[in-house]
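A look at the structure
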Amino acid sequence: MPRYRYWTATTLDGFLADEQDSLDWLFVQEQDDAPGTPGRYDDFIAGVGAVVMGATTYAWLVHHLKESGEAWPYTQPCLVFTHRTFEAPGDDITFVSGPPARHRTALERAAGNRDVWVVGGGALAADFAGAGMLDEVLVSIAPVTLGAGRPLFPRPFDLRLRDVGRNGAFVVASYDVVGAR
Ligand SMILES: NC(=O)c1ccc[n+]([C@@H]2O[C@H](COP(=O)([O-])OP(=O)(O)OC[C@H]3O[C@@H](n4cnc5c(N)ncnc54)[C@H](OP(=O)(O)O)[C@@H]3O)[C@@H](O)[C@H]2O)c1
């Protein structure tokens, strides 16, 4: 069975993005892409069989790709939770709605023997956790506070620290999800 992994960058005060959905605070941080470095994207994505994200994250990503001229970055099937209608820039993007459990079978079939990456946002990750569909939270914590923005995880859950490392300016921490408080 695949693991469900919420892998994201966050500010020290627990925000994924500012109130305008900007990640300006993130892209200025020093990162280390050397093989074996904790929190390295290439190592993480190699173990991912399916990708899940909410509509705001998807809209941000598509906008960013259009601006930069880059192609859709995932070869894995991607499920986007939304009530809206979007164009899809890639072949294997499916728009779904409703509780995560409704899509569990399809997601796990898509992931095969690899993991499900819950990209975010925070409320969607918490919905997955509430459905028993979140095993791990893997965060790269940037040395910045925003005071407000899109929360990392807006519901009370207990986690158990598994590992801590460093990547450039980031603290990289991994947690097992214990359960709702
Ligand atoms: N720091 C990072 O590495 C990182 C990682 C991920 C995301 N981000 C950023 O953080 C922000 C996250 O935005 P967000 O907190 O608003 O979260 P989001 O999960 O990206 O989007 C929330 C929206 O998804 C749709 N949705 C969620 N659950 C649904 C369900 N069960 N059924 C149908 N639709 C559902 C709803 O939109 P509709 O009803 O309008 O369709 C909801 O308003 C974005 O700016 C993103 O770019 C940053």
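We now turn to the structure provided with this report. From a predicted model like this one, the values you see are computed outputs, not experimental measurements.

What follows deals with the site of the ligand. Around the ligand, the surrounding shell holds 22 residues, and the nearest of these are Asp21, Thr57, Thr82, His83 and Gly121. Leu16 places a polar main-chain atom, nitrogen or oxygen, 2.9 Å from a nitrogen atom of the ligand. Thr82 has a polar side-chain atom sitting 2.5 Å from an oxygen atom of the ligand. Across the complex, the protein chains shield 80% of the 920 Å² of accessible surface that the ligand would expose by itself. When contributions to the shell around the ligand are tallied by element, the ones reaching two or more residues are strand 1 (4–11), strand 2 (15–17), helix 3 (55–68) and strand 6 (115–120). It is helix 3 that contributes the most residues to the shell around the ligand, four residues altogether. In the shell around the ligand, the residues fall into nine nonpolar, ten polar and three charged.

Mapping Ala46 onto the fold places it in the loop between helix 2 (41–45) and strand 3 (48–54). Take Ala46: its relative accessible area is 53%, and that puts it in the exposed class. Sequence separation between Ala46 and Asp24 is 22 residues; the distance between their C-alpha atoms is 26 Å.

This next bit is on the nonpolar core. Counting 25 residues, the largest nonpolar core has Tyr6, Val52, Leu107, Phe128 and Leu134 as its most contacted members. Of all the secondary-structure elements, those providing two or more residues to this core are strand 1, strand 3, strand 4 (78–81), helix 4 (104–111), strand 6, helix 5 (122–130), strand 7 (136–142) and strand 10 (170–180). No other element matches the four residues that helix 5 contributes to this core. Contact partners of Leu134, with chain neighbours within four places excluded, come to Tyr4, Arg5, Tyr6, Val118, Ala125, Phe128, Ala129, Phe153 and Val177. Grouped together as the second largest cluster of nonpolar side chains are 18 residues, Val48, Leu61, Leu65 and Val119 included.

In this structure, strand 9 (residues 157–167) lies alongside strand 10, joined through ten bridges in antiparallel fashion. Within strand 10, the position partnered with Asp163 by the bridge is Ser174. The loop that links strand 9 with its antiparallel partner strand 10 comprises two residues; one of these, Gly168, has a positive phi angle of about 55°.

Looking now at unusual backbone geometry. Omega for the bond connecting Gly120 with Gly121 falls within 30 degrees of zero, at 5°, which places this linkage in the cis form. Despite not being glycine, Asp21 has its phi angle at roughly 65°, a positive value. Looking at where Asp21 falls in the secondary structure, it is placed in the loop between strand 2 and helix 1 (24–27).

All right, on to the sheet that holds strand 1 then. Taken in spatial order, the eight strands make up an open sheet running 5-4-3-6-1-7-10-9, and their pairing is mixed. Among the strands making up the open sheet, the edge pair consists of strand 5 (93–96) and strand 9. In this sheet, neighbouring strand axes are inclined to one another by 25° on average, regardless of whether the strands run parallel or antiparallel. Alignment of strand 3 against strand 4, held across four bridges, turns out to be parallel. Bridge pairing in strand 4 places Val51 opposite Cys78.

A grouping of Leu161, Val164 and Val171 is seen on the molecular surface, where their side chains present a nonpolar patch of about 260 Å² in accessible area. Along the polypeptide, Val171 turns up in strand 10.

Cut-offs used in this document
Residues numbered from 1 in each chain as written. Predicted model: local features only at pLDDT ≥ 70, side-chain atom pairs only at ≥ 80, totals over all residues. Heavy atoms only, no water. Near = heavy atom within 4 Å. Polar contact = N/O pair within 3.5 Å; in protein donor to acceptor, adjacent residues only side chain to side chain. Areas by Shrake-Rupley, 256 points an atom, 1.4 Å probe, with all protein chains shown as cover. Helix = DSSP H or I, 4+ residues; strand = E, 2+ residues; numbered from the N terminus. Nonpolar A, V, L, I, M, F, W, Y, C, P; charged D, E, K, R; others polar. Buried < 20%, exposed > 50% of the residue type's maximum accessible area, 1.4 Å probe, protein only. Core = buried A, V, L, I, M, F, W, Y, C linked by side-chain atoms within 4.5 Å. Contact = heavy atoms within 4.5 Å. Pairing = 2+ DSSP bridges. Axes fitted to C-alpha atoms, helices over the stretch in contact; angles between N-to-C directions. Patch = residues over 30% accessible without salt bridge, like charges linked within 9 Å, V, L, I, M, F, W, Y side chains within 5 Å. Salt bridge = Lys/Arg side-chain N within 4 Å of Asp/Glu carboxyl O.

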